[in-house]
Amino acid sequence: MRVEHIGEGEPELAILGAVHGDELCGVHAIEALLDEDPDVQKPVKCIIANEPAVEQHVRYIDTDLNRVFPGDPAAETYEPRLAYRLQAELEGCTTLSMHSTQSDGRPFAIVDETGELAETICPQLSVAAVVEAADEFPHALVHHVDVVEVECGLQGTEQAADNAEQLVWEFLAATGALSDRSEPSERALPVLSLKRLIPKPDGGSYEVHVENFDRVEKGAVVATVDGEEITATESCYPVLVSEHGYDQRFGYTAELIDQW
Ligand SMILES: [Zn+2]
């Protein structure tokens, strides 16, 4: 784990990249920030979490880091020990954690719940939606520290790296560490709460017929598997939906709970 500080004093803000070692947009954004070394009004901690996984171009060494919080300092495997140290490092910090995905190029935010933290920061970010994390992964970082996670774009793309860089600046502006460089945008930011998995049956060819974050009416065709239609059993908002992102699911359905 690499930890660097910008500014003087004990940081209450953290920028986190490489929770997943094969998602390099956050590493890029942190290196760009350290290179620029801006005059911050609040000190900031920059953390590249899973350095061995980054070096080996893999998501993790032994197990998914984002499924093992709060971690265990005596674990035999690597990531639970790393999770324990990382959580201690993030204690007392408001954190931005950067990921990338295979589902959608548009950045979106993931929060534990829609409280003050999310409502202060997310409307200042260039994101298409805010998604409340499901309880499906109780050992994800989002449930253990004060963090806004951002999916910055498609994994491995230059666009995701550019988006990550911009999201870092926006986060630092939203938290008062930097003066804002951009005009506030007038928009209704959808706030979604995950509801259920969209299962993906075995098949040869998959096609998705809906857009993430756009409302889908009951009965609409969500996807086809070898030409066989899967329809929405209720009106919903698709999130993290893709043809090939996951093995046994197309993604998730969500409900609209607010607009910011
Ligand atoms: Zn990730």
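What you are looking at is a predicted structure, and each value in this text was computed from that prediction instead of being measured.

> Is there a simple way to explain the sheet that holds strand 6 (residues 130-132) in this structure?
Note on sheets: strands pair through backbone hydrogen bonds, and any given pair is parallel or antiparallel. Spatially, the ten strands line up as an open sheet ordered 1-3-2-4-7-5-6-8-13-12, and their pairing is mixed. Two strands close off the open sheet at either side, each with one partner strand: strand 1 (2-6) and strand 12 (237-239). On average, each strand axis in the sheet is inclined to that of its neighbour by 30°, with strand direction left out of account. With three bridges joining them, strand 5 (residues 108-111) and strand 6 adopt parallel strand pairing. Note that in strand 6 the partner of Val 111 across the bridge is Glu 132.

> I keep staring at the domain arrangement of the protein chain and nothing clicks. Help me out?
How big an interface is tends to be stated in terms of the accessible area lost upon association of its parts. Taken domain by domain, the protein chain comprises domain 1 (2-174) and domain 2 (196-251). Using C-alpha coordinates to define each centre, domain 1 is positioned 28 Å away from domain 2. Facing eleven residues of domain 1, the contacting portion of domain 2 comprises eleven residues. Interface of domain 1 and domain 2: buried area, both sides summed, is about 790 Å²; carbon and sulfur atoms make up 63% of it. For the domain 1 face of the interface with domain 2, the top three residues by lost area are Gln 102, Ser 103 and Arg 106, together amounting to 45%. Where domain 1 touches domain 2, the interface holds one salt bridge. Residue Glu 211 pairs with Arg 106 through a salt bridge whose shortest N-O separation is 3.9 Å. At the surface where domain 1 touches domain 2, the tally comes to two residue pairs in polar contact (both at pLDDT 80 or more). Tallied by class, the residues present in the side of domain 1 that touches domain 2 amount to five nonpolar, three polar and three charged.

> Help me out: how do you make sense of the pattern of salt bridges in this one?
As a working rule, side chains carrying opposite charge can pair if their charged atoms are close by. In the structure shown here, the tally under the stated rule is ten salt bridges. Put simply, Glu 89 and Lys 45 hold a salt bridge, and the shortest N to O gap is 2.8 Å. Residue Glu 89 is found in helix 3 (residues 78-90), and its partner Lys 45 is found in strand 3 (residues 44-48); the two are separated by 44 residues along the sequence. By relative accessible area, Glu 89 is classed as partly exposed at 23%. Note that Asp 104 and Arg 106 form a salt bridge whose closest N and O atoms lie 3.2 Å from each other.

> What is the right way to look at the coordination of the zinc ion in this model?
Octahedral metals with six donors have ideal donor angles of 90 or 180 degrees. Tetrahedral metals with four donors have an ideal donor angle of 109.5 degrees. On the protein side, the zinc ion has His 20 (ND1), Glu 23 (OE), Glu 23 (OE) and His 99 (ND1) as donor atoms, found 2.0 to 2.5 Å from it. Seen from the zinc ion, its four donor atoms lie at angles of 55 to 149°, and the figure they make is irregular. All donors to the zinc ion come from one chain, and their sequence spacing reads H-x2-E-x75-H. Within this pair, whereas His 20 is found in the loop between strand 2 (13-17) and helix 1 (25-36), its partner His 99 is found in strand 4 (residues 94-101), the two being separated by 79 residues in sequence. Of the two residues, His 20 and His 99, neither departs from the other in class, the shared state being buried.

> How do you make sense of the UniProt feature "domain: Succinylglutamate desuccinylase/Aspartoacylase catalytic" (unreviewed entry) in the protein chain when you look at a structure like this?
The feature "domain: Succinylglutamate desuccinylase/Aspartoacylase catalytic" (unreviewed entry), as given by UniProt, occupies residues 11-90 in the numbering adopted here. For residues 11-90, the helix share is 38%, the strand share is 12%, and the end-to-end C-alpha distance is 10 Å.

> What is the right way to read the pairing of strand 4 from this model?
Where a strand is regular, its side chains alternate between the two sheet faces. For strand 4, the tally of buried residues reaches eight of eight residues, placing the bulk of the element in the interior. Neither face of strand 4 is left uncovered, since the one carrying Thr 94, Leu 96, Met 98 and Ser 100 and the one carrying Thr 95, Ser 97, His 99 and Thr 101 both have all their residues buried. Two elements, strand 2 and strand 4, share four bridges in a ladder whose sense is parallel. When the bridges of strand 4 are listed, Leu 16 appears paired with Ser 97. By the bridge criterion, six bridges tie strand 4 to strand 7 (residues 147-154) in an arrangement that is parallel. Bridge pairing in strand 7 links His 99 to Glu 151.

Conventions and cut-offs
Residues numbered from 1 in each chain as written. Predicted model: local features only at pLDDT ≥ 70, side-chain atom pairs only at ≥ 80, totals over all residues. Heavy atoms only, no water. Pairing = 2+ DSSP bridges. Helix = DSSP H or I, 4+ residues; strand = E, 2+ residues; numbered from the N terminus. Axes fitted to C-alpha atoms, helices over the stretch in contact; angles between N-to-C directions. Domains from an automatic or database assignment. Contact = heavy atoms within 4.5 Å. Buried area = accessible area lost by both parts, 1.4 Å probe. Salt bridge = Lys/Arg side-chain N within 4 Å of Asp/Glu carboxyl O. Polar contact = N/O pair within 3.5 Å; in protein donor to acceptor, adjacent residues only side chain to side chain. Nonpolar A, V, L, I, M, F, W, Y, C, P; charged D, E, K, R; others polar. Buried < 20%, exposed > 50% of the residue type's maximum accessible area, 1.4 Å probe, protein only. Donors = N, O, S within 2.8 Å, 3.2 Å for Na, K, Ca; no water. Tetrahedral: all angles 85-135°; square planar, octahedral: opposite > 155°, others 65-115°. UniProt positions renumbered as here; feature names shortened; annotations may be inferred.

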